[in-house]
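# Structural description and commentary
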Amino acid sequence: MSGLLDTPIFGILLSVIAFEIGIIISKKTKNPLLNPLLLAIIIVIVFLLGFGIPKEKYDLGGSFILFFLGPATVVLAVPLYKQIELLKKDFVPILVGISAGSVTSIMSVILLSKLFGIDLSVAVSMLPKSVTTAIGMEISKEIGGIVSLSVAVIVLTGITGAVIGPGLLKLFRISDDVAQGVAIGTASHAVGTSKAMELGETQGAMSGLSIGIAGIATVILVPLLMGLLG
Amino acid sequence: MKVLRQFGTILVILLLGEGIRMSTGISIPGTVIGMVILFILLMTKVIKLENIDMISKFLLDHLAFLFVPAGVGLISSLDVIGSAWLPIMMIVIISTVLVVGVTGWTVQLLKGRRS
């Protein structure tokens, strides 16, 4: 029996089943806190710990899935290209806004990490928290963060933005459609974008557009600003 | 065969991105360089959308699933999170409030001034 664990089938199948369960629970409850990815990660971890299966066995299959993240990050250019007309219309405000937001994200993590006195390795892992997971993982790898922790924090940030984002827009009196979309997309990437789509078509498109640009901005900004952590 | 050719196209771009990263030693991930290359190729019409549409749709539709193994890596750092989960959550929430505010205000201000 244990021989079956030595094939990639185990890790791939466990991931697929866990994600399907995550989607079912998320759809049934319609609770934004029950994000399918977060649920799937928890299910796999509980399964491995519960049956005492070493992570190396899971990784045999997991690494197959991880491989596809590279090509998936490249094709993030497609949604960006599709929204190019919208970007051209308000080029400067959007670009400056996303850059300001990305700096705010990185600087707030640095300052708050110092304030709360959290571990340097944890703080570093949190730097790419507002960008899409594919890019955030790569940034984390590049700067010596704990990649899995970055993934978890990125998903948590997405959920937070989706849950409190619309309320924040009201609170801060951000009423412009473009500004609303860019704000949610820059703060909380794809998970926030799903919420922005509910606010309106322009908000959804703008939020989607911000994912790629915020990703590139953060890639450039993190190495410049992270020296402040030390 | 169409999807296979599209996948091949994306892999060539990815390889190019990794190659540029390795040969220049810049601290930008090869995947992100690949994304910029594809964007430029689309803008200059060297690659048409229909040459990569199927593989793009497949990958983007299943993007969230692809992160499962990455997240499962948390299993090796459960002790770190166990002791720091509260400050981590606080930072995520406070930072999200700030980013939404700063980004939204900046865009609104700059747009308003122009029109």
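So, how was this worked out
Residues numbered from 1 in each chain as written. Chains lettered and ligands numbered in written order. Predicted model: local features only at pLDDT ≥ 70, side-chain atom pairs only at ≥ 80, totals over all residues. Helix = DSSP H or I, 4+ residues; strand = E, 2+ residues; numbered from the N terminus. Rg over C-alpha atoms; globule rule 2.2 N^0.38 Å. Buried ≥ 20, exposed ≤ 12 C-beta atoms within 10 Å, placed from the backbone. Contact = placed C-beta atoms within 7 Å. Expected span 1.5 Å × (residues − 1). Core = buried A, V, L, I, M, F, W, Y, C linked by C-beta atoms within 7 Å. Domains from an automatic or database assignment. Nonpolar A, V, L, I, M, F, W, Y, C, P; charged D, E, K, R; others polar.

### Observations regarding the overall build of chain B
Scanning chain B from N- to C-terminus turns up six helices and zero strands. Helices (α) and strands (β) of chain B occur, in sequence order from the N terminus, as α-α-α-α-α-α. Computed over C-alpha atoms, the radius of gyration of chain B comes to 20 Å, more than 25% over the 13 Å expected from 2.2 N^0.38 for 115 residues, which places it beyond the range of a compact globule. When its C-alpha atoms are laid out on the principal axes, chain B stretches across 50 × 50 × 30 Å. A buried classification covers 40% of the 115 residues belonging to chain B. For chain B, long-range pairs separated by at least 24 residues make up 42% of all intrachain contacts whose partners lie at least 6 apart in sequence.

### Let's talk about helix H1 (residues 2–24) of chain B
With 23 residues, H1(B) should cover 33 Å at 1.5 Å per step; its first-to-last C-alpha distance of 33 Å lies within 8% of that length. Of the residues making up H1(B), those classed as buried are Gln6(B), Ile10(B), Ile13(B), Leu14(B) and Gly17(B). Where H1(B) is buried, its residues contact helix H4 (69–74) of chain A together with helix H2 (30–43) and helix H3 (53–61) of chain B. Taken from the residues just after H1(B), Gly25(B) is the one with a positive phi, measuring 70°.

### Description of the nonpolar core
General note: in soluble globular proteins, nonpolar side chains tend to be found buried as a group. Ranked by internal contacts, the top residues of the largest apolar core, which has 100 residues, are Val75(A), Ala77(A), Ala183(A) and Val68(B). Among the elements that take part in this core, helix H10 (residues 147–171) of chain A stands out by supplying twelve residues, more than any other. Sequence-distant contacts of Ala183(A), defined by excluding residues within four places in its chain, comprise Leu169(A), Ile174(A), Val100(B), Thr103(B), Gly104(B) and Val107(B).

### Quick notes on the domain arrangement of chain A
All names here are of chain A. Segmenting chain A into domains produces domain 1 (2–67) and domain 2 (82–229). For domain 1 and domain 2, the distance between their C-alpha centroids amounts to 26 Å. If you look at the interface, domain 1 gives five residues, while domain 2 gives five residues. A class-by-class count of the residues in the side of domain 1 that touches domain 2 yields four nonpolar, one polar and no charged.

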